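Spelled out from the first residue to the last, the chains are:
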Amino acid sequence: MAFEAISGRRGGGSMVGRMAVVALGLLVVGCTGNVVVLSGPDETPIPANPEPPPEPFPEPLPEPLPPEPQPTPLGFCLGDAVSTGTIEATAAEGGPVGELVPGNWYAIETSGGPWFAHGGGSGPAYYGAWVSDDGGVTWFRLNDSADDGKDFTVAWGAAAEPVGASYQRGYWQATGTSIRIQVADQVFEDNSGSLSWTLFDAYPCD
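Residues numbered from 1 in each chain as written. Predicted model: local features only at pLDDT ≥ 70, side-chain atom pairs only at ≥ 80, totals over all residues. Heavy atoms only, no water.

Digging into the overall build of the chain
Helix and strand content of the chain: 0 helices and 16 strands. In the chain, which comprises 206 residues, the proportion classed as buried is 30%. A fraction of 62% describes how many contacts in the chain between residues 6 or more apart in sequence connect residues 24 or more apart. Total accessible area on the chain is roughly 13,300 Å²; 57% of this is exposed by carbon and sulfur atoms. (Helix = DSSP H or I, 4+ residues; strand = E, 2+ residues; numbered from the N terminus. Buried < 20%, exposed > 50% of the residue type's maximum accessible area, 1.4 Å probe, protein only. Contact = heavy atoms within 4.5 Å. Areas by Shrake-Rupley, 256 points an atom, 1.4 Å probe, with all protein chains shown as cover.)

Here's the deal with the nonpolar core
Membership of the largest hydrophobic core comes to 24 residues, with the highest contact counts inside it found for I108, W172 and I181. Look past the residues within four positions of I181 in its chain and what remains in contact with it is I87, G94, G95, V97, I108, T110, A129, W130, V131, W139 and W197. By size, the runner-up hydrophobic cluster in this structure holds 6 residues, among which are F76, A107, A159 and F200. (Core = buried A, V, L, I, M, F, W, Y, C linked by side-chain atoms within 4.5 Å.)

What about the state of the cysteines?
Cysteine pairs can be linked by a disulfide, which is a covalent bond between their two sulfur atoms. Under the defined criterion, the tally for this structure stands at 1 disulfide. There is a disulfide in this structure between C77 and C205, and the S-S distance comes to 2.0 Å. Classification of the bridge connecting C77 and C205 rests on its S-S torsion, roughly 95°, and on that basis the disulfide is right-handed. Pair noted here: C77 is in strand 6 (residues 76–88) and C205 is in the segment after strand 16 (192–204), with a separation of 128 residues, a long-range link. The pair formed by C77 and C205 is uniform in burial state, with each residue classed as buried. (Disulfide = S-S within 2.5 Å.)

Brief notes about the pairing of strand 15 (residues 179–183)
Of all 5 residues that make up strand 15, 4 are buried, and the element is covered over most of its length. Bridging between strand 7 (residues 95–97) and strand 15 involves 3 bridges; their strand directions are antiparallel. Its bridge partner lying in strand 15, G95 is registered against I181. (Pairing = 2+ DSSP bridges.)

Describing the packing of aromatic side chains
With the rule as written, the count across this model stands at 7 aromatic pairs. Seen from their ring centres, Y127 and Y167 are 5.5 Å apart, and the 85° between their planes marks the pair as edge-to-face. A residue pair is termed long-range when its members are at least 10 positions apart, and Y127 in the loop between strand 10 (125–126) and strand 11 (129–132) and Y167 in strand 14 (residues 167–173) qualify at 40 residues. Measuring from ring centre to ring centre gives 4.9 Å for F152 and W156, while their planes differ by 85°; the resulting arrangement is edge-to-face. Accessibility classification places F152 together with W156 in one group, the buried group. Following the ring pairs from residue to residue traces out a cluster consisting of Y106, F152, W156 and W172. (Phe/Tyr/Trp six-rings, centres within 6.5 Å; stacked < 30°, edge-to-face > 60°.)

Re unusual backbone geometry
In this model, G113 is joined to P114 through a cis peptide bond whose omega is 0°. Here P114 lies in the loop between strand 8 (105–111) and strand 9 (115–116).

Digging into the confidence of the model for the chain
For the chain, the mean per-residue pLDDT works out to 78, and 67% of the residues sit at or above 70. Ignoring residues within four places in sequence, the model shows residues 1–29, a span with pLDDT below 50, making 43 contacts including any to other chains. Counted against residues more than four places away or in other chains, residues 32–36, with its pLDDT under 50, gives 5 contacts. (pLDDT = per-residue confidence, 0-100.)

Right, dumping it as structure tokens:
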């Protein structure tokens, strides 16, 4: 260990003490009160009592934006599902689709099934549906092609499109508080199976 102490008094000032001690590879380069400043062999300062830096406050994550409704090829956007239901293939009167607000736009989409045109499922599988907006007096096919004047889009529907290989979705602006839907047949008592539907809010969009 090497030790050197230098002391002196200059003018009328206070005594200034300086010392240099080399021990264990550390150098005491100064002291003030109870605080000792050390440095390593390369004279890099080492704080006597280092304080950890304050932790930064985490920045809040931005809230994700709701997805924008995507327009269909027909220029309509689907909103939320309003209601769902299932119609039996034997129900000649079909089933109601209610709680509509006149003037609002809606879409009805078929699903489920299939239904069969002969009892016991012996006939071919069908997924077609008819819809009526006058309480079941007149019926029109829910179909995306107006081929013989009996399709939804020829009457009160604005547009229709296929959904997958088997189903249809039709858009219209309500003029009453309900419509009806049935399987696309004319003789119902020998049918079997069922067909489901979902009603959506909808609106024209680009």
